[in-house]
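Structural features, examined
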Amino acid sequence: MVNRMIKRIAGLTALLLLATAAANAKEFTVEMRNSGESSSMVFEPPFLQVAVGDTVRFVPVDQGHNSVSEFTPDGAKGWQGVRNEAVTATIDKEGIYIYRCEPHTFMGMVGVIQAGKAVNKKAAIEAARVLSEQIAVNKERLDKYLSLSN
Ligand SMILES: [Cu+2]
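Not measured: the values here are computed from a predicted model.

When helices and strands are tallied, the protein shows 3 helices and 8 strands. Beginning at the N terminus, the succession of helices and strands in the protein can be written as α-β-β-β-β-β-β-β-β-α-α. Counting the 150 residues in the protein, one finds 38% classified as buried. Long-range pairs, those at least 24 residues apart, make up 65% of the contacts in the protein with a sequence separation of at least 6.

Pasting the structure below:
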């Protein structure tokens, strides 16, 4: 009898914790723009600090852009946005995410999201180095965004 009650309370507590986590999850918005504050072909903001469980919605303010994950923490789902359409990424693992706009990767249209702590920074730096080979203009952006993670 007591055992059954304890089990029931434990079950309810777990449900409550899940509901609380869902209620606390935030949605961030990143705009995909032809021109930003200081430069052209940008994600704004290009760096986000979020919590695991949050979502990031990429919104096409201008035409011709998409958002695809390039590098994610191990086991994270990632995302593949379609050009000219909004896409919502669920940030399901802790660490650094690097994403890009496929048509404008060569122009440095990239972004970085950090969820929780930067537990995979070393791998992220290596991924950024490889991605940099595809970037012809605004090469300094990716390093700058990545340097904001810690
Ligand atoms: Cu673009």
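Further remarks concern the side chain of histidine 65. Tracing the backbone through its elements, the reader meets histidine 65 in the loop between strand 4 (55-60) and strand 5 (68-71). Polar contacts involving the side chain of histidine 65 include one to the side chain of histidine 104, which spans 3.1 Å. Contacts of histidine 65, omitting those with residues within four sequence positions, involve Met32, Arg33, Asn34, Met41, Val82, Arg83, Asn84, Cys101, His104 and Met109.

The next subject is the coordination of the copper ion. Of the protein atoms, only His65 (ND1), Cys101 (SG), His104 (ND1) and Met109 (SD) coordinate the copper ion, at distances of 2.0 to 2.5 Å. Relative to the metal, the 4 donor atoms surrounding the copper ion lie at angles of 92 to 131 degrees, and the coordination shape comes out tetrahedral. All donors of the copper ion belong to a single chain; written as a sequence motif, their spacing is H-x35-C-x2-H-x4-M. Here cysteine 101 matches methionine 109 in class, with each residue buried.

What follows concerns helix 2 (residues 121-132). With 12 residues, helix 2 extends 16 Å from end C-alpha to end C-alpha; this agrees with the ideal 16 Å at 1.5 Å per step. Taken as a whole, helix 2 has its buried residues at Ala124, Ala127, Ala128, Leu131 and Ser132. Taken end-on, helix 2 shows its buried residues confined to a sector of 140 degrees, consistent with a single buried face. The inward-facing, buried residues of helix 2 abut strand 5, strand 7 (95-100), strand 8 (110-115) and helix 3 (140-147).

Here we have 4 strands laid out as an open sheet, ordered 3-8-7-5, and mixed in their pairing. At either end of the open sheet lies a strand with only one pairing partner, and these are strand 3 (47-50) and strand 5. Strand-to-strand twist of the sheet, defined as the mean angle between neighbouring strand axes without regard to direction, takes the value 30 degrees. Sheet strands in contact with helix 2 are strand 5, strand 7 and strand 8, and its direction is about 15 degrees off that of strand 7. Each of strand 3, strand 7 and strand 8 is contacted by helix 3, which is oriented at about 10 degrees to strand 8, the strand it contacts most.

Definitions and limits used
Residues numbered from 1 in each chain as written. Predicted model: local features only at pLDDT ≥ 70, side-chain atom pairs only at ≥ 80, totals over all residues. Heavy atoms only, no water. Helix = DSSP H or I, 4+ residues; strand = E, 2+ residues; numbered from the N terminus. Buried < 20%, exposed > 50% of the residue type's maximum accessible area, 1.4 Å probe, protein only. Contact = heavy atoms within 4.5 Å. Polar contact = N/O pair within 3.5 Å; in protein donor to acceptor, adjacent residues only side chain to side chain. Donors = N, O, S within 2.8 Å, 3.2 Å for Na, K, Ca; no water. Tetrahedral: all angles 85-135°; square planar, octahedral: opposite > 155°, others 65-115°. Expected span 1.5 Å × (residues − 1). Arc of directions from axis to C-beta. Pairing = 2+ DSSP bridges. Axes fitted to C-alpha atoms, helices over the stretch in contact; angles between N-to-C directions.

Functional significance is not addressed by these values, which are geometric in nature.
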